[in-house]
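Below, each chain spelled out in residue letters.
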Amino acid sequence: MEVLKNKKNLLDFVERNKEMGKRIGFAPTMGALHNGHLSLYEEARKENDLVISSIFVNPTQFNNAEDLEKYPRNMERDILILEKSGLVDAVYIPEVTDIYPEKTESQHYDFDGLENEMEGKSRPGHFDGVGTVVEELFRQVQPDNAYFGEKDYQQLAIIKKMVEKKKLPIKIKGVPIYRADNGLALSSRNQRLSEERREAAKIIYETLIKVNDWFRVITIPEIKERVADIIDEQRGMQLEYFLIADEDTLKETDFFYKDKNFRAFIVVVVDGVRLIDNMHLD
Ligand code: PAF
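About the cut-offs
- Residues numbered from 1 in each chain as written.
- Predicted model: local features only at pLDDT ≥ 70, side-chain atom pairs only at ≥ 80, totals over all residues.
- Heavy atoms only, no water.
- Axes fitted to C-alpha atoms, helices over the stretch in contact; angles between N-to-C directions.
- Helix = DSSP H or I, 4+ residues; strand = E, 2+ residues; numbered from the N terminus.
- Parallel < 35°, antiparallel > 145°, perpendicular 65-115°, else oblique.
- Contact = heavy atoms within 4.5 Å.
- Nonpolar A, V, L, I, M, F, W, Y, C, P; charged D, E, K, R; others polar.
- Core = buried A, V, L, I, M, F, W, Y, C linked by side-chain atoms within 4.5 Å.
- Buried < 20%, exposed > 50% of the residue type's maximum accessible area, 1.4 Å probe, protein only.
- Polar contact = N/O pair within 3.5 Å; in protein donor to acceptor, adjacent residues only side chain to side chain.
- Patch = residues over 30% accessible without salt bridge, like charges linked within 9 Å, V, L, I, M, F, W, Y side chains within 5 Å.
- Areas by Shrake-Rupley, 256 points an atom, 1.4 Å probe, with all protein chains shown as cover.
- Salt bridge = Lys/Arg side-chain N within 4 Å of Asp/Glu carboxyl O.
- Lys, Arg positive; Asp, Glu negative; His and termini not counted.
- Charge placed at Lys NZ, Arg CZ, Asp CG, Glu CD.
- Pairing = 2+ DSSP bridges.
- Near = heavy atom within 4 Å.

### Regarding the packing of helix H1 (residues 7-19) against helix H7 (residues 126-141)
Relative to each other, H1 and H7 sit at 50°, their axes nearing to 9 Å. As the angle between them shows, H1 and H7 are arranged oblique. Contacts from Lys7, Leu10, Leu11 and Val14 in H1 reach Glu136, Gln140 and Val141 in H7. Residue composition of the contact of H1 with H7, grouped by class: four nonpolar, one polar and two charged.

Shown next as structure tokens:
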């Protein structure tokens, strides 16, 4: 595996491989790698000649300085994981100036309103930061296909929208949520929880399963009440939001409609760590 430590190394690597007609699959990350990331590379391996990942903790997508500071970083461990996996041909580890040559600032995007729902309300400016870094990485890496986890479902929708609006020749692929044995969605943030709290946090997935059972049986306001009650009963957990939304527009709904796809979205703060999850409702 090649470790590309700046933009020039990356561009040389990409040019060499493009000239040979290689199809590139790309999965950007912020490091603190886990099996969820490996599932992105596995998908990318199936559909491309070459897999590139990046590790860059993007400052502009954190709307909270403490969250940015606490974000887990361990480059040596990450490189070892990538090497051992045998799934990735090159990892790009840009400097801040490779991504932000002038000011470390986001561009402003219009994602047709997707950015104003859910995480957009809780984390102002977050999706401008994500859009800025992902667009820049796309322009440098020039992938044919790019892979994102469905855990950050809104991020996935926004990146699809950006590619469509900017007419970038890249296919965006969503990869199903990778869960621990107890059902907890894997996230780099889980590393900040004790084993006992990770076990307790499985209630988030268990609640989503119940929501799927209740869907179209009781009303959405009733489902919301039950979810709030379940999370309220848990020690050290606060429900930040739970809602059911149209899968395409991400607009919250209080009613079921025929011929529409719905998804439940939940954010629970467990001992100060913000955990996010979602589930398609059958
Ligand atoms: O999902 C992430 O890890 C980040 O938001 C991403 C897509 C790598 C952009 O920094």
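### What about the nonpolar core?
Of all hydrophobic cores here, the largest spans 43 residues; its most connected members are Ile52, Val134, Phe138, Phe148, Ile172 and Phe265. Setting aside residues up to four positions removed in sequence, Val134 forms contacts with Phe148, Ile159 and Met162. Core analysis: the next-biggest nonpolar cluster, separate from the first, contains 27 residues, Leu193, Ile203, Met237 and Val273 among them.

### Comments concerning the environment of Ser85
Looking at the secondary structure, you find Ser85 in helix H4 (residues 75-85). Along the chain, Ser85 and Tyr41 lie 44 residues apart, while their C-alpha atoms are 9.2 Å from each other. A polar atom in the side chain of Ser85 sits 2.8 Å from the backbone oxygen of Leu82.

### Notes on a negative patch on the surface
A surface patch of negative charge is lined by Glu222, Glu225, Asp229, Asp232 and Glu233. As for its placement among the helices and strands, Glu225 is situated in helix H11 (residues 220-232).

### Digging into the sheet that holds strand E9 (residues 273-281)
Reading across the sheet, the three strands line up as E7-E8-E9 and stay open at both edges, with antiparallel pairing between neighbours. Edge positions in the open sheet fall to strand E7 (237-246) and E9, since each of these has one partner strand only. In this sheet, adjacent strand axes meet at a mean angle of 15° when their direction is disregarded. When E7 meets strand E8 (residues 262-270), the two strands line up antiparallel, connected through nine bridges.

### A short note on the site of the ligand
The environment of the ligand is made up of Pro28, Thr29, Met30, Asn58, Gln61, Val133, Phe148 and Gln155. Gln61 places a side-chain nitrogen or oxygen 2.6 Å from an oxygen atom of the ligand. The contact in question runs from an oxygen atom of the ligand to an N or O atom on the side chain of Gln155, over 2.7 Å. Isolated, the ligand exposes 290 Å² of accessible area, and the fraction of that covered by the protein chains is 87%. Looking at the shell around the ligand residue by residue, the classes come out as four nonpolar, four polar and no charged.

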